[in-house]
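# What the coordinates show
The residues making up each chain are set out below.
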Amino acid sequence: MATAQVKRAFKYRFYPTDGQAAELSRTFGCVRKVYNMALAARTEAWTRQVRMNYNQTSAMLTVWKKTEELAFLNEVSSVPLQQCLRHLQGAFTNFFGKRAKYPRFKSKKKSRQSAEYTTSGFRFRDGQLTLAKMREPLDVVWSRPLPQGAAPSTVTVSQDAAGRWFVSLLCEDASVKPLPPKEAAVGVDVGLNHLLTLSTGEKIANPRHERKDRARLALAQRRLAKKAKGDGANRREARRRVAKIHARIADRRRDHLHKLTTRLVRENQTIVIEDLSVRNMVKNRSLARAISDASWSEFRALLEYKAQWYGREVITVDRFFPSSRLCSHCGTLARRMPLHIRTWTCESCDTSHDRDVNAAKNLLAAGRAVSACGAGVRPQRSSPGGQSATKQEVSRREP
């Protein structure tokens with residue numbers, strides 16, 4: 001069985017000493033300062049129709065360090081400063097390639113602060129990680145082992161809005177192996193009442209993590225709103241309490257999605273999903289919170305990279321495909337399918353359908369057709385009662 005050589009990030013929490021926390025905070029500030037200054041310089045050059053690259057900004061950094069006003073940049077490791085310039089170069093590359101918007105300035109109040117170290121900026125020996133400009137290793141909680149014999153190529157240190165410190169080690173992982181082939185295939189229909197409905201008839205409940213903590217979150221946000229504006233200690237603490245609730249929700253949601261996607265990849269060779277335009281769907285004010293809590297985009301991202309790792313196939317079906325109104329037994333297209341109808345009977349073959357299970361079965365059939373002929377499933381917009389590009393099952397108000 002072939003072994004895949006993949007780059008994999010292993011994230012751990014750590015607890016810095018007061019001196020280490022102060023050093024990292026200075027590094028975050030310097031990284032932000034250099035990034036913003038380089039972005040301003042490149043933006044000004046762009047107004048003059050002059051393109052500036054990484055080498056030019058790196059030369060500018062050398063000049064900045066020699067000035068009296070920016071001499072404090074010499075107090076931190078130069079590696080994260082150079083890395084932030086490389087990140088800026090990547091942001092401009094994506095912008096010119098029309099894959100991203102124009103780079104934005106980094107804010108001091110940004111929810112997450114980070115600094116990246118390459119091999120010259122850290123030492124990893126005997127299970128201990130020591131960063132440049134520090135004498136003692138970080139107190140890392142090694143919650144899982146690194147791949148045997150793996151050496152980190154980069155280390156990213158970050159602090160989230162809740163005040164938690166994390167370190168992410170990027171390693172070459174040779175232990176990722178394709179799973180044994182299976183004949184099973186499944187269609188997956190996402191929703192809000194049920195997070196997932198499978199073509200096998202199984203329905204997976206939506207845990208609604210945000211709704212469970214909504215009262216606590218609202219209380220914390222009201223208390224934050226009453227604090228005096230500015231950068232006072234009370235307001236910072238109130239903001240941190242709000243961030244802790246958000247972090248709890250995000251952690252539980254991510255853990256649940258990891259377990260679901262891992263199970264789907266292990267049990268099926270082919271997984272068929274719908275190509276939803278989540279970015280447009282969250283513009284609906286009455287549904288944005290519920291859709292964001294379901295996190296369909298993250299579900300798809302996790303599913304796709306795990307399928308790539310383990311030799312599985314993920315097929316996406318066009319969002320215009322009328323999966324809910326099409327009879328999975330005889331192929332008859334129903335003229336109307338109001339949203340309050342959750343079960344219906346086909347007029348041609350008298351087969352009774354659960355709306356979501358029927359949609360999942362149709363997605364599976366369409367995905368197999370895509371896999372067989374290599375062509376996409378074309379939208380059927382001219383059919384009676386045709387729906388818009390947004391998902392039909394979430395067009396109603398969610399509490």
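Quick caveat, the model's predicted, so the values are computed rather than measured.

## Some points on the UniProt feature "domain: Cas12f1-like TNB" (unreviewed entry) in the chain
UniProt tags residues 296–363 as "domain: Cas12f1-like TNB" (unreviewed entry). For residues 296–363, the end-to-end C-alpha separation is 16 Å, with 34% helix and 16% strand making up the annotated structure.

## Here's the deal with a positive patch on the surface
On the surface, Lys-11, Lys-101, Arg-104, Lys-110, Arg-112, Arg-279 and Lys-283 cluster together to form a positively charged patch. With respect to the helices and strands, the residue Lys-11 is situated in strand β1 (residues 6–14).

## A word on the state of the cysteines
On inspection of all chains with the given rule, the structure shows zero disulfides. Summary of cysteine pairing: Cys-84 is not part of a disulfide, and the nearest cysteine sulfur, belonging to Cys-30, is at 9.9 Å.

## Some thoughts on the domain arrangement of the chain
Domain boundaries in the chain define domain 1 (6–173) and domain 2 (185–207 + 242–373). Put simply, the middle of domain 1 and the middle of domain 2, counted by C-alpha atoms, are 37 Å apart. Each side of the interface is counted separately: domain 1 has five residues, and domain 2 has five residues. For the domain 1 and domain 2 pair, buried surface summed over both sides reaches about 460 Å², with 65% attributable to carbon and sulfur atoms. The largest share of the area that domain 1 buries against domain 2 comes from Arg-8, Ala-162 and Arg-164, three residues that together contribute 70% of it. The residue Asp-251 makes a salt bridge to Arg-164 at a minimum N-O spacing of 2.9 Å. In this assembly, domain 1 and domain 2 are joined by one residue pair in polar contact (both at pLDDT 80 or more). Looking at the side of domain 1 that touches domain 2 residue by residue, the class counts come to three nonpolar, no polar and two charged.

## Digging into the packing of helix α1 (residues 18–47) against helix α2 (residues 54–66)
Helix-helix packing is described using two parameters, namely the angle between the two axes and the distance between the axes. The N-to-C vectors of α1 and α2 enclose an angle of 125 degrees; their axes lie 11 Å apart at closest approach. The orientation of α1 relative to α2 falls into the category oblique. The element α1 and its partner α2 pack so that their crossing is right-handed. Across the interface between the two elements, Val-34, Met-37, Ala-38, Ala-41 and Arg-42 from α1 touch Tyr-54, Thr-57, Met-60, Leu-61 and Trp-64 from α2.

Reading the values: the criteria
Here the residue index of a chain counts from 1 through its sequence in written order. Per-residue local features of the predicted model are confined to residues with pLDDT of at least 70, and side-chain atom pairs are confined, for both listing and counting, to 80 or more; whole-chain, interface and lining totals are unaffected and use all residues. The basis for every side-chain value is the complete set of heavy atoms in the structure, and neither hydrogens nor water enter the calculation. UniProt positions are given in the numbering used here, feature names are shortened, and annotations may be inferred rather than shown by experiment. For the purposes of this entry, the term helix denotes a DSSP run of H or I that reaches at least four residues, the term strand denotes a run of E that reaches at least two, and both are numbered from the N terminus. To count toward a patch, a residue needs a relative accessible area over 30% and no salt bridge; like charges are then connected within 9 Å, while nonpolar side chains (Val, Leu, Ile, Met, Phe, Trp, Tyr) are connected within 5 Å. Working definition of accessibility: Shrake-Rupley area with a 1.4 Å probe, residue cover restricted to the visible protein chains. A pairing counts as a salt bridge when a side-chain nitrogen of Lys or Arg comes within 4 Å of a carboxyl oxygen of Asp or Glu. Within this scheme the basic residues Lys and Arg register as positive and the acidic residues Asp and Glu register as negative, but His and the chain ends are omitted. In plain terms, the charge of a residue is placed at NZ if it is Lys, CZ if Arg, CG if Asp and CD if Glu. Note on terminology: disulfide denotes any pair of cysteine sulfur atoms within 2.5 Å. Segment limits for the domains were obtained from an automatic or database-derived domain assignment. We call two residues in contact whenever any of their non-hydrogen atoms come within 4.5 Å of each other. Here's the idea: put two parts together, see how much 1.4 Å probe accessible area each one loses, and the total over both is what we call buried area. Polar contact is the term for a pair of N or O atoms within 3.5 Å; when the atoms are in protein, one must be able to donate a hydrogen and the other to accept it, and sequence-neighboring residues count only if both atoms are side-chain atoms. Three residue categories are used. Nonpolar comprises Ala, Val, Leu, Ile, Met, Phe, Trp, Tyr, Cys and Pro, charged comprises Asp, Glu, Lys and Arg, and polar comprises the others, including Gly. To get an axis, fit a line to the C-alpha atoms, keeping to the stretch in contact for a helix; angles then go from 0 to 180 degrees between the N-to-C directions. Throughout this description, any angle smaller than 35 degrees is read as roughly parallel, any larger than 145 degrees as roughly antiparallel, any in the 65 to 115 degree range as roughly perpendicular, and the remainder as oblique. Throughout, a crossing is termed right-handed when the near helix is turned clockwise from the far one, and left-handed when it is turned anticlockwise from it by less than a right angle.

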